[in-house]
Structures are given as C-alpha cells and as structure tokens.
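So you can see what is in the structure, the chains are spelled out below.
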Amino acid sequence: MHEREHSVDSIRQSSQIFGQFEKLMVANRGEIAIRVFRTAHELSMKTVAIFSFEDRLSMHRYKADEAYQVGSQNVYTPVGAYLAQDEIIRIAKLRGVTMIHPGYGFLAENAGFARKVEAAGITFIGPTPDVIEKMGDKTKARELAIQCGVPVVPGTPGPVSTLEEAKAFIDEYGFPIIVKAAMGGGGRGMRVIRDVDSLPDSFERAKSEALSAFGDGTVFLERFLDKPRHIEVQLLADVAGNVIHLFERDCSVQRRHQKVVEVAPAVNLSAEVRDAILDDAVKLAKAVNYRNAGTAEFLVDSEGRHYFIEINPRIQVEHTITEEITGIDIVAAQIHVAGGSLLSDLNLTQEKINTQGFAIQCRITTEDPAQNFQPDTGKIEVYRSAGGNGVRMDGGAGYVGAVITPHYDSLLVKCTCWGDTYEVARRKILRALIEFRIRGVKTNIPFLQRLLTHDTFMKGGAWTTFIDDTPDLFRLVESKNRAQKILKYLGDIVVNGSSIKGQMGEPAFKGEILYPEIRSLAGPEPVDVRVPPEHGWRHILVEKGPEAFAKAVREYNGVLIMDTTWRDAHQSLLATRVRTIGMIGNMAYIFCL
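Per chain, the residues get numbers from 1 upward, laid out in the order the sequence is written. Confidence filtering applies because this is a predicted model: local features only for residues at pLDDT of at least 70, side-chain atom pairs given and counted only at 80 or more, and all residues used for totals across whole chains, interfaces and linings. Note that water and hydrogens are dropped before the side-chain values are worked out from all heavy atoms of the structure.

For the protein chain, an unreviewed UniProt entry supplies the name Pyruvate carboxylase and the organism Rhizophagus irregularis.

Asks: Whenever I open this one, the pairing of strand β21 (residues 411-419) confuses me. Can you help?
Replies: On a regular strand, one side chain projects to one face of the sheet and the next to the other, so that they alternate. Burial analysis of β21 places seven of its nine residues in the buried class, the great majority of the element. In this analysis, strands are considered paired if DSSP registers two or more bridges between them. The helix count covers DSSP runs of H or I at least four residues long, the strand count covers runs of E at least two residues long, and both are numbered beginning at the N terminus. In this sheet, β21 lies alongside strand β14 (residues 358-365) in antiparallel orientation, the contact comprising eight bridges. From the neighbouring strand, Thr365 faces β21, where its bridge partner is Leu411. Relative to β21, strand β19 (residues 391-395) runs antiparallel, the two being bridged by five bridges. Directly across from Met393, in β21, lies its bridge partner Cys415. Each residue gets one of three labels from its accessible area relative to the maximum for its type: buried under 20%, exposed over 50%, partly exposed in between, using a 1.4 Å probe on protein chains only.

Asks: Can you walk me through the packing of aromatic side chains in this structure?
Replies: One pair of aromatic rings is described through two measures. These are the centre distance and the angle between the planes. Two rings belonging to Phe, Tyr or Trp (six-membered ring only in the last case) form a pair when the distance between their centres is within 6.5 Å. Interplanar angles under 30 degrees mark stacking, angles over 60 mark edge-to-face geometry, and anything in between is tilted. Applying the stated criterion to the full structure yields 13 aromatic pairs. Put simply, the rings of Tyr82, Phe106 and Tyr408 touch in pairs and so form one group of aromatic residues. Consider the ring centre and the ring normal. A charge sits over the ring if Lys NZ or Arg CZ is within 6 Å of that centre and within 35 degrees of that normal. The aromatic ring of Phe53 is capped on one face by Arg56, whose charged end is 4.0 Å from the ring centroid. The ring of Phe51 carries Arg61 above its face, with NZ or CZ at 4.1 Å from the centroid.

Asks: For this particular structure, what's the right way to read helix α7 (residues 138-147)?
Replies: Count 3.6 residues to each turn of an α-helix, and residues three or four apart come out pointing the same way. Within the span of α7, buried status applies to Lys138, Thr139, Ala141, Arg142, Leu144 and Ala145. Any pair of residues with heavy atoms lying within 4.5 Å of one another is described as a contacting pair. Residues of α7 that are buried sit in contact with α6 (129-136), β6 (177-181), β8 (219-223), α10 (271-287) and β13 (306-312). Just past α7, the residue Gly149 takes up positive phi, approximately 75 degrees.

Structure, rendered in structure tokens:
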C-alpha cells in the first residue's frame, strides 16, 4: 500500500463546516487580526490578511493563508491603508472572500463600510449597518437608553457644536463636565473640564481630536462623575432576536480614558448592582434588534448607582478575560452568528452561561512611563515572554527583530491570566510580567508591576481616574538589565578601547607580538610572516587573473585557510569591526596565506 499524503489544505477541506462561508478576511492589523485568524483556522476556514506598505514585515500578514498590500507605496498613509474601504472590498472580491471581520478600531464601527461589504455580496461579521449607525453615535445611543428607562449620566440631549451651547449646559449642571466624541471610542475626543478657564481650549481640542480620529468632529457633554467604576457587559445576539450576556468586566484602571488593566468578573460589586447592569444591557440590545457581539458600558458611582454610557458595536480588546472565565470563544460565536447560526445552535443559552474564577488582562505597550508614557520606537533586540498554567498571550509585534514604528497603536502584547480567586489571578499576572524580558524599546511593564502591587488594586477598589490621582504609582520598579549592559560594555571596549583616564588611544600593552609559525612546502624553514612573500596566492590573482587563481585553488592538494577579519562588519553585540591599525598588522599574514 502507498502511504496517503495529507496537506493542510486537504485536511481543512475534509473538515469544512461552513460550506459557502469558507474564506475570511480581517480588515485590520496586529494582534486582533492574528486572534481572528487563529479561530478561523480552527473552523477550517481559509484566511486573507491586508497590510499597508509600512506593515509589510508585520507578523499578522504571515499568519494568514494569503496577504495583500493595500495600495502601492505612497498611495495611502500608514493608517489610511486600513481605512481604504473601496480598495479593501476590491481585494476581497478579487480573492473570493466570503466574510469580512473588521476587528476593532479602523473601520469596525463604520456603518458605511458595513453597507459596502454587504452590497458586494460579502458577509459582514458584526451588527447590521443600521445598528452600527445607531450605537456608534453616542447621542443616539443615549436617547435609546432614556426611551428604555435605563439611567444615564445627565448630559446634553444631542450634539453640541458651539461654546455657547456648552456654557448653557454648565449653567444648569455645573462643573466638572466631560466632552465626548459622538462617534468612535478608545478615549479619543474626550476632555474632562473642571473650570471655566479651561473650557474654550479643551472644548476645541476634543472636537479637533474627534475629527482627526473618526472623521467626525461632533461632540456632546455629560456631567463628570468623580471616582466612578467602569463596568461593561459582553453581549451576544443572533438574527432571531435572542440576546445573552457573558457577564461583566471591570475596566476602571484607565489612563486618559484608555483602558490599561481589565478584570472579569468585577470585584466588590454587589449582586443587586450586577443584576441590574446585566438586565439593562440585555434590554438595550433587544431594543435595537442587536446582532453579533457587542459591549454595553456603564459607570457605577460610590453609591452603587449605575449609568449607561454607550454600546460598542464590535469586539473589544479585553474580550480575552471574558473568554477565560466563561470558556466561550467569542470570535467563533461571531463567525457562526454571521453565518446564520442561532445561539441555541451553539448551545449558548443564558441558563448555561456561568463564570469560573477570575481573569486579569494587562496591555503591554511600548511606552515609557517615566516620560509621561511617551511612545517608544526602535528594534526589539531581546524578547522573552511569559508562560505557564493560566497564562495567555495575544500579540502581534512581539518578537526579536520586530521594528516598532510610530505609525500605529503602541500595543505590543496582551497578557491575560486566570486564577481561582482574584488574588491568585493577580499574583499570576504579576509573576508573568516579571518573566518578561524586552530590550531595545521601552515598555510599561515597570508601571504595571507597580500598579498590581498597589494596595488599592489589591483590594479591587480602583476607579477611572485612579492612575491620575495616585502619583505613588510612578515610583517604578527598575530593571537591572545586567546581560545587555555587560555585552554593550564589552562591545564598546573591543571597538573603542577603554574610556578610563590614562587608557585612551591604543591599548597600553606594548609587548612583543607573537607571530604564528608557518612552514612552507618548499622547505623546512619557517616562513617570516613579517616580510611580504615573493610569491603567493595574491600574485597568481594579480598576474594571471581570476580564472588562473580559481584553477590553482582547485589543483592544490593541501588545506587552504582564509582569514575573513578584513571585511565590512557583520552586525554583532561583540563587534567584528577592525580598525586600520589592526588590519595593517594582519596584512602580511593574509597575503602570505
């Protein structure tokens, strides 16, 4: 019998479960693209990546079965390539894509893109365009919450376009207030204003940032709550109107409205408040005929009162911790629902959804906390990540040799840890962070270590401005980085000599140079390597040319040795560069050979 050969493609075809939905594109980059590809491969689907010219060496393009550059060099900006709706859809149609997952950010909350995808005959993995439009506009979502009887933070009934309108709201509710972009999320287009002097500048900055980030400068105002908790609910819904929740996440640890550390389920949240938030989240999703995955976000004040903020009609960065405590692959559920499956078909009914233990996620970024979290760029020289029981890594740019550019978000890798209790999960993720070794770029790991060991976080009592209100967090843990420092020191000594006073210039050693003893086949006497040879391999090359030299080498019966010291440097921490003074000393030896 002949052994049957199996290829990856044949194995996938034999286990195909989606029929016509066999080829999935992710209209995104980085870790979320890789995250979706992995689930798609588990579902026996073929995958397609897109990338910008600047991302041509990015890891996500190599994790897909096929990858295509969006536009040629200089056609799009680094970000613009991932916003080029028509070009992305053109590539998808040309390559036979049947489903498109938008990830998060970029076009994930763009109703126009969702409509174009569906008009092209491709399935969009997400809510309907109408729902994206309703939920993506926070003012419309706020109106919906009021209609459903869900409590909201006091705010303007609609968009605010002028400073006079903002002042009218302040006259009624007073300071502090928060200016929010009506479209998008991720903390962009937000400004907290505490006094009248900072109102004009902060108001205009929020509008400008919203316009730059989302292409829409519309903003609205809300009363700002001091020290609230940020609680969000993971939702799943199908085409038949069935909606379930996967419980809540606590995303209170933020900096400039950007989440830093997330916990699931929320610690120290009463059962009464939890049930009220979960019920209101499901109520809102049903009211808009929600489909696919989404997140309802709430603020909880010190009195335990909750207020609706928004629904994000997409998958969230922090979905990993919900997956860890429920055991549900949210991306797989998204794909199945988009393909027409009901939640009951997936065995996902509310009574069967339970949580087990706690999970914590830390976003490891290439930012320098000692320099006000300024993003760092450069090449990663050393990369060693954590591992072990209960440790999960979701990354996109974390490997030796990766070049971190200023073009995109500074997220390097997401570290998620699970434990039976909150304290076990906290200790586990702290251990994981200590295991990391990242050199070549600055990271926020020292800050995360400090945060995880702060008494407030240990007790589960953080609030949304905890980082801003706690300067003690910036007493950072210093990394000794001994190995890299020793290697750099030795390399510097080899190339530049000692920098110690009295040891500048040439090495202090002036002893007699011991030359190697080389004997010639012509006689028993050693060859004087200090005197240029009268005849040697170089003479053959110079006098008779390359062909004669090559012929002489082939006909020679002995061993030939080549000294490769004289060259233009192979890059190394222990440098192989040799100065002129070193080359001159070796020339006689080289020519003799």
